[in-house]
Structures are given as structure tokens and as C-alpha cells.
Amino acid sequence: MAGNLLIGTWRLVSWTQEASDGHITSPFGPDATGFLTYTADGHMAVMITRASRRQFATPDLLAGSVEEKVGAAESYLGYGGTYELRDHSVLHHVTHSLFPNWEGTHQERLMQLEGDRLTLSTRPTLLAGEMQTAHLTWQRAGSATVPPS
């Protein structure tokens, strides 16, 4: 993947959905957060969350009420696998996903790269019972600093 400009980590700037009638929504709100990573050896992972997610009443990772678990799942999107660059798109070969229906599928994202901004868009797809086009804008993440221990 020499010359691959996607390699690295990207920070979510915005996620909007455009309906066929032109109506635009933000599924996780205007302040959704997330990261997208592409590695040089062909792996990728993405995670997106609503801002200010509610914590469980217990610190036990495998506990929590049904309502807490549903709330956590409804405020998170994540998947990973490998990827392949095409002319104007990137194909995500999904091996793991919060949404099990995506596992074993190939998720195409139309891409537009301008400087340190990457926009990935879907073709029209079913979301909340309606055909919509997703537009996710990412900013290349700067150097991470590790807080002192």
C-alpha cells in the first residue's frame, strides 16, 4: 500500500445522513465523536459514539441492566477488518462489528481527500426504515500525547 494517504488515525468531524428528499440529520447528534484508523498492513477499525454517554451503575464490564446495555449499543457504532483502496473508494472487509449483519460483508465508502480532511460517503442505504446517504468527515489526528503517570 505504498503511497497510501489513508494510513493513520482520523478524528470524526461530522456524521450526517441525507434522505432522498434532501432532509439532513445527525444520527448521533452534532457533537458525535470517533476515530478511524487505517494501518499500513491493510487493517482498519472505526468507532463512533454519541457525546456524553451514560455510564453503567456498576463498574463490572459484563454487568449492567438491560436498559443500560441497550443505551450503550444505541450510542455506539464500531467495526473493523481489512480494507482495499479502489479508484475513488475504499472497501472495508468487515470481520467484527457491533451490528452483526455487517460481519463478512464489504462496506464500500466513496472517498474524497482534501489535505488533512477525508470525507467517506455511502451509496444510498437503509437507515431507520429509509434510504439515506451517509457522509462522514474526518480530520487527520495529530500526534497523541500520553499524560504522565
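Scroll up to find the structure this text is about.
Student: Could you clarify how one ought to interpret the pattern of salt bridges in this entry?
Tutor: Oppositely charged side chains can pair when the atoms bearing their charge come close. Summed over all chains, the structure comprises three salt bridges. We note a salt bridge from Arg 140 to Asp 116, for which the minimum N-O separation is 3.6 Å. Pair noted here: Arg 140 is in strand 10 (residues 130–140) and Asp 116 is in the loop between strand 7 (106–114) and strand 8 (117–121), with a separation of 24 residues, a long-range link. Given the relative accessible area of 42%, Asp 116 is considered partly exposed.

Student: Just to check I follow, could you spell out the nonpolar core for this structure?
Tutor: Soluble globular proteins tend to bury their nonpolar side chains together. In terms of nonpolar packing, the biggest core is built from 21 residues, with Leu 36, Tyr 38, Ile 48, Leu 118 and Trp 138 touching the most fellow members. Elements with a minimum of two residues in this core: strand 1 (8–19), strand 3 (33–38), strand 4 (43–49), strand 5 (76–85), strand 6 (89–97), strand 8 and strand 10. Aside from chain neighbours lying at most four places away, what touches Tyr 38 is Leu 6, Ile 7, Gly 8, Trp 10, His 43, Met 44, Tyr 83, Val 90, His 92, Leu 118 and Leu 120.

Student: What is the right way to read the packing of aromatic side chains from this model?
Tutor: When we look at a pair of aromatic rings, we describe it by the centre distance and by the angle of the planes. If you walk through the whole model with that rule in mind, you get four aromatic pairs. Seen in terms of ring centroids, Tyr 38 and Tyr 83 are 4.7 Å apart; in terms of plane orientation they differ by 65°. Their pairing is edge-to-face. With Tyr 38 in strand 3 and Tyr 83 in strand 5, this residue pair connects regions lying 45 residues apart in the sequence. An identical accessibility class is assigned to Tyr 38 and Tyr 83; each is buried. Through a chain of ring-to-ring contacts, the aromatic side chains of Tyr 79, Phe 99 and Trp 102 assemble into a single cluster. Here the guanidinium or amino end of Arg 109 rests over the ring plane of Trp 102, the centre of that ring lying 5.6 Å away.

Student: Can you help me understand the environment of Gly 81 in this one?
Tutor: Tracing the sequence through the fold places Gly 81 in strand 5. Separated by 35 residues in the primary sequence, Gly 81 and Val 46 have C-alpha atoms spaced 9.5 Å apart.

Student: What exactly am I supposed to notice about the environment of Arg 86 here?
Tutor: Locating Arg 86 in the fold gives a position in the loop between strand 5 and strand 6. Considered as a pair, Arg 86 and Ser 20 are 66 residues apart in the sequence and their alpha carbons are 26 Å apart.

Student: In this structure, what is going on with the side chain of Gln 132? I would like to understand it.
Tutor: Relative to the elements of secondary structure, Gln 132 occurs in strand 10. Among all residues touching Gln 132, those that are not within four sequence positions of it are Gln 17, Glu 18, Ala 19, Thr 25, Thr 122, Arg 123, Pro 124, Thr 125 and Leu 127.

The rules behind each value
Residues numbered from 1 in each chain as written. Predicted model: local features only at pLDDT ≥ 70, side-chain atom pairs only at ≥ 80, totals over all residues. Heavy atoms only, no water. Salt bridge = Lys/Arg side-chain N within 4 Å of Asp/Glu carboxyl O. Helix = DSSP H or I, 4+ residues; strand = E, 2+ residues; numbered from the N terminus. Buried < 20%, exposed > 50% of the residue type's maximum accessible area, 1.4 Å probe, protein only. Core = buried A, V, L, I, M, F, W, Y, C linked by side-chain atoms within 4.5 Å. Contact = heavy atoms within 4.5 Å. Phe/Tyr/Trp six-rings, centres within 6.5 Å; stacked < 30°, edge-to-face > 60°. Lys NZ or Arg CZ within 6 Å of the ring centre and 35° of its normal.

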